[in-house]
Amino acid sequence: MLEKAKGLPADQIFMDIEDAVAPIAKPDARKNIVAALNEGGYGDKVRTVRVNDWTTSWTYRDVIEVVENAGPNLDCIMLPKVQTAEQVVALDTLLTQIEKTMGFEVGRIGIEAQIENALGLINVDAIAASSPRVETIIFGPADFMASINMKSLVVGENPPGYDTGDAYHYILMRILMAARAFDKQAIDGPYLQIRDVEGYKRVAGRSAALGFDGKWVLHPGQVDAANEVYSPRQEDYDHAEMILDAYDYYTSAEGGALGAVMLGDEMIDEASRKMALVVSAKGRAAGMARTESFTPPEA
Ligand code: GLV
Ligand code: MG
């Protein structure tokens, strides 16, 4: 898996020492991860390691062993089951000490905080604001479902009996608000039915629609689906670029210095431009090409 991840069109890879690793295998996992990071080959993918959470006895060893031995080849530490801002501060402090001791650049390694239980969710604002190292807030649906006693075994899908709305809407929105308020990325967690790509797209579609930046993939078969769902549709990308060009033109002296103008049957103004900037940034980041261009009206 460490090898295969190198060639996948994913923006980020994360290597796990937490729940995908049996307790007796954790010391070996640390060593394998250090070796893989130092061997390299992950291109410009963000390289992240998920350590164990602070309620275990493993966290400090995970962080010290991985960061001391592979720090310069690592971009972020993912901290699971974060419940309070203090837990992030503790990791930040430990990272700073290791960076100083080893002579690494202080503060370069980021933190991704996973929200996986009720306490973490009600503290998510403080968690997002707890350290400049925090880059990303991640929803951990499996642990979260267990922590709130949700009556379901299928991660991310509406639980049986909940047939109106989306059972995760509040959680997703709560995380998204904290992320946007403090300028962090919001990332959706795993979808465990790895052969059900349609199911993946259905669940991913909900967080993507709200504004999440991406979602985990557990298997190479989910990568294309993720890239598709979190990118704009071609027609929306084209329309966003069109709004930007048209608005640029109409607000200029040449275009009449207007603030609110008609583009086809739609009125566009400064707020339209801001919405278009979001969609166009997502499309550009995904490497999309526009298929229409704006032509100013004949003078
Ligand atoms: C991920 O860690 C999850 O619990 O969903
Ligand atoms: Mg989890």
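Above this note sits the structure.
These numbers were taken from a predicted model, which means no experiment stands behind them.

## Re the coordination of the magnesium ion (ligand 2)
1) Next: Every protein donor of the magnesium ion (ligand 2) is listed here as E116 (OE) and D143 (OD), and their distances to the metal cover 2.1 Å. Of this pair, E116 sits in the loop between β4 (110–115) and α4 (118–122) while D143 sits in helix α6 (residues 141–147), placing them 27 residues apart in sequence.
2) Next: Judged by relative accessible area, E116 falls into the buried class, the value being 3%.
3) Next: The class of D143 is partly exposed, set by a relative accessible area of 24%.

## Re helix α11 (residues 270–285)
1) Next: Look at α11: 22 Å from first C-alpha to last across 16 residues, which is about the 22 Å you get at 1.5 Å a residue.
2) Next: Elements in contact with the buried residues of α11: α10 (234–251) and β9 (266–268).
3) Next: Structurally, the start of α11 carries an N-cap: the backbone nitrogen of A271 is 3.0 Å from a side-chain oxygen of D269.
4) Next: Positive backbone phi, approximately 75 degrees, marks G287, located one or two places after α11.

## Looking at the pairing of β4
Side chains on a regular strand alternate between the two faces of the sheet.
1) Next: By the criterion of burial, β4 is predominantly enclosed, with six of the six residues buried.
2) Next: Neither face of β4 is open: one carries G110, E112 and Q114, the other I111, A113 and I115, and all of them are buried.
3) Next: Sheet topology note: the strand β3 (residues 76–79)/β4 ladder contains four bridges and is parallel. Bridge assignment links I77 to a residue of β4, and that residue is I111.
4) Next: With helix α3 (residues 85–102) bridging β3 and the parallel β4, this β-α-β connection has right-handed handedness.
5) Next: Inspection of the sheet shows β4 paired to strand β5 (residues 134–139) by five bridges, in the parallel sense. For E112, the partnering residue across the bridge sits in β5 and is T136.

## Looking at the site of ligand 1
1) Next: With respect to spatial proximity, the complete set of residues near ligand 1 consists of R50, Q114, E116, G140, P141, A142, D143, P190 and W216.
2) Next: Residue R50 places a side-chain N or O atom 3.0 Å away from an oxygen atom belonging to ligand 1.
3) Next: Between an oxygen atom of ligand 1 and a side-chain N or O atom of E116, the distance comes to 2.8 Å.
4) Next: Considering ligand 1 on its own, with 190 Å² of exposed area, one finds that the protein chains cover 93% of that surface.
5) Next: Sorting elements by how many residues they give to the shell around ligand 1 places α6 first, with three residues.
6) Next: Among the residues making up the shell around ligand 1, the classes are represented as four nonpolar, two polar and three charged.

Here is what the cut-offs are and how they apply
Residues numbered from 1 in each chain as written. Chains lettered and ligands numbered in written order. Predicted model: local features only at pLDDT ≥ 70, side-chain atom pairs only at ≥ 80, totals over all residues. Heavy atoms only, no water. Donors = N, O, S within 2.8 Å, 3.2 Å for Na, K, Ca; no water. Helix = DSSP H or I, 4+ residues; strand = E, 2+ residues; numbered from the N terminus. Buried < 20%, exposed > 50% of the residue type's maximum accessible area, 1.4 Å probe, protein only. Expected span 1.5 Å × (residues − 1). Contact = heavy atoms within 4.5 Å. Polar contact = N/O pair within 3.5 Å; in protein donor to acceptor, adjacent residues only side chain to side chain. Pairing = 2+ DSSP bridges. Right-handed = clockwise from strand over helix to strand, strands pointing away. Near = heavy atom within 4 Å. Areas by Shrake-Rupley, 256 points an atom, 1.4 Å probe, with all protein chains shown as cover. Nonpolar A, V, L, I, M, F, W, Y, C, P; charged D, E, K, R; others polar.

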